[in-house]
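# Working through the structure, step by step
So the chains spell out like this:
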Amino acid sequence: MVKVGGYTVELVTADTKEPFKEHTAPDGKIYAEVEPGMDYFIHVSSHVRGVMMRFAVDGVDLGYRDFFTGSHTKKYRGSWERRDNRHTITALHFNKTRLAQGVTPDMLTGKVEVHVHRLGEQFYEDTHDRVSTSLTADSTSGGKKCIKSTSSGSQSFGINPKGLTASSKIVNYRLGKHLRTITVNYCSALGLIYHKILPRPPDSDSDDDSVPVKKESVPVKKESVPVKKERPKRAKRKRSTETSVATAGRASSGEKKTTAQNNGEQVEMVTVQKTYSLVDLTGDDDVAEIDL
C-alpha cells in the first residue's frame, strides 16, 4: 500500500481483494510482487473530498476519471465501460510476454499510476456508451515488457450510476489542478532480484545485471566398466612316484622286476610306482589329472 497524504493506492487480487505482497526498494519505491496469469483491481481510497482521480497502467491512460465528492471513500477500479447507463468494472490481468533476448530491468517491471486532481468546473453532458482504453500486449509505452497488464480479466462487477439529472444528463467535472501522482510498481520475483530488492539465489550464474540463470546440474551417467574376473589358478594334480626295492617276491601290478648282481649274488629288484592325487583347491570337479 502506498499512502500519500489522505490517499492510498494498492493492487489487490480480483477474487479475494487481498493485497499483493509488497517490497520497499532502497530508494523508497514500492513494488508489488505479482505473478503472470492473475486478475487484479486497483484499490484506491481518499480521505479528501472534492478531488478526481485518473488511472494509467504501464504509461497508458485508461481514459476515464473517478470523482470523490465525499470523504472516506474507497473504490476498486480496472477497465470501465458504460452501456445503456449501466457501469461495469472489469479486472485487469497480469500477462507474460515472450522476449527471447535483450531483457533489461525496466522490461520486468510495470507500474500503476493514480493522478489526483482538484475537481474543476461542473458541467452536464448527454449519456452515451463509453469504454475505457483497452490494454493489450502492444499498448504499453516505453518499450516492450516481459510482464504487463491487459484488459483481459475475467472478474467484473456493476456499479450504480451517479450524477444523473431528471433529463438523463450526466454531471461531469473538468480537470482541475494536479495535486499529486501516486505510483505502485509491480513485477515478478525476477524483477525484484533485478532491482536488488530480493537477493540473488545462491545457484544463479550471473555477476552482472543480465537475467539470472539458474544453474542446473546435468546428471552424468556413470558407465560401469566390466572388470574381468580371473579365475584362481587351480592346483595341478601331480603324480608322485616312489621307488622301493625288494629283494624277493613276485612283482605285482604296477611293479617292475629287474635283476642285478650284488657281491656276486643275484638280487631281484622290484620298482613300485604309486600315484598320489594332490588336493584340488579350486573346488572344480572337472579337473583332469596331469602326468608329470
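Numbering of residues starts from 1 in each chain and follows the order in which that chain's sequence is written. Side-chain atom pairs in this predicted model are given and counted only at pLDDT of 80 or more, local residue features only at pLDDT of at least 70, and totals for whole chains, interfaces and linings cover all residues. Side-chain metrics rest on all non-hydrogen atoms present in the structure, leaving aside hydrogens and water.

## Overview of the pairing of strand E7 (residues 60-68)
Quick note on the threshold: Two strands are said to pair when DSSP picks up at least two bridges between them. Segments assigned H or I by DSSP are reported as helices when at least four residues long, segments assigned E as strands when at least two residues long, and all are numbered from the N terminus.
For strand E6 (residues 51-57) and E7, the ladder comprises six bridges, and the chain directions are antiparallel. Looking at E7, one finds that Met52 is bridged to Phe67. Counting the residues in the hairpin turn of E6 and E7 gives two residues, including Asp58, whose phi is positive at 55 degrees.

## Some words on the sheet that holds strand E15 (residues 156-159)
Strand order in the open sheet formed by four strands is E13-E9-E10-E15, with antiparallel pairing between adjacent strands. Whereas interior strands pair on both sides, the edge strands pair on one side only; in this sheet they are strand E13 (130-131) and E15.

## A few points about the pattern of salt bridges
Oppositely charged side chains can pair when the atoms bearing their charge come close. For clarity, the cut-off: Here a salt bridge means any side-chain nitrogen of Lys or Arg lying within 4 Å of a carboxyl oxygen belonging to Asp or Glu. Buried means the residue's accessible area, taken with a 1.4 Å probe over protein chains only, is under 20% of the maximum for its type, while exposed means over 50%, and partly exposed covers the values in between.
What the rule picks out here adds up to seven salt bridges. Put simply, Asp66 and Arg77 hold a salt bridge, and the shortest N to O gap is 2.2 Å. Residue Asp66 is located in strand E7, and its partner Arg77 is located in strand E8 (residues 73-77); the two are separated by 11 residues in the primary sequence. The residues Asp66 and Arg77 share a single accessibility class, namely buried. Connected via shared salt-bridge partners are Asp66, Lys75 and Arg77.

## Re the environment of Pro19
Here is the rule: Contacts: residue pairs with any heavy atoms within 4.5 Å of one another.
Take Pro19: it is sitting in the loop between strand E2 (7-13) and strand E3 (22-24). Take Pro19: its relative accessible area is 41%, and that puts it in the partly exposed class. Expressed as a C-alpha distance, the spacing of Pro19 and Glu33, which sit 14 residues apart in the sequence, is 9.9 Å. Here Pro19 is in contact with Glu10, Leu11 and Val12, once residues within four sequence places are set aside.

## A short note on the nonpolar core
Spelled out, the test is: The term nonpolar core refers to a set of buried residues drawn from Ala, Val, Leu, Ile, Met, Phe, Trp, Tyr and Cys, joined through side-chain atoms within 4.5 Å.
In this structure, Leu11, Tyr40 and Ile42 are the most contacted members of the largest nonpolar core, which totals 34 residues. Taken together, the elements giving at least two residues each to this core come down to E2, strand E4 (30-33), strand E5 (39-46), E6, E7, strand E11 (92-96), strand E12 (109-126) and strand E16 (169-187).

## Brief notes about the packing of aromatic side chains
Let me state the cut-off plainly: Pairing of aromatic rings covers Phe, Tyr and the six-membered ring of Trp, with a centre-to-centre limit of 6.5 Å; geometry is then stacked below 30 degrees between planes, edge-to-face above 60, and tilted otherwise. Two limits define a charge over a ring: the Lys NZ or Arg CZ must be within 6 Å of the ring centre, and within 35 degrees of the ring normal.
By the definition in use, this model includes eight aromatic pairs. Each ring, one from Tyr40 and one from Phe94, has its centre 4.1 Å from the other, and the planes form 10 degrees; the classification is stacked. With Tyr40 in strand E5 and Phe94 in strand E11, this residue pair connects regions lying 54 residues apart in the sequence. Across the pair, Phe94 and Tyr40 agree in class, each one buried. Ring plane angle 40 degrees and centroid distance 5.6 Å describe the contact between Phe55 and Tyr64, whose orientation is recorded as tilted. Side by side, Phe55 and Tyr64 carry an identical accessibility label, which is buried. Feature note: the residues Phe20, Tyr40, Phe94 and Tyr186 constitute an aromatic cluster, connected by ring pairs. Stacked on the ring of Tyr76, the Lys or Arg Lys17 has its end atom at 5.7 Å from the ring centre. Sitting over the face of the ring of Phe68, Lys75 holds its NZ or CZ atom 4.4 Å from the ring centroid.

Read these as geometric descriptors, not functional statements.
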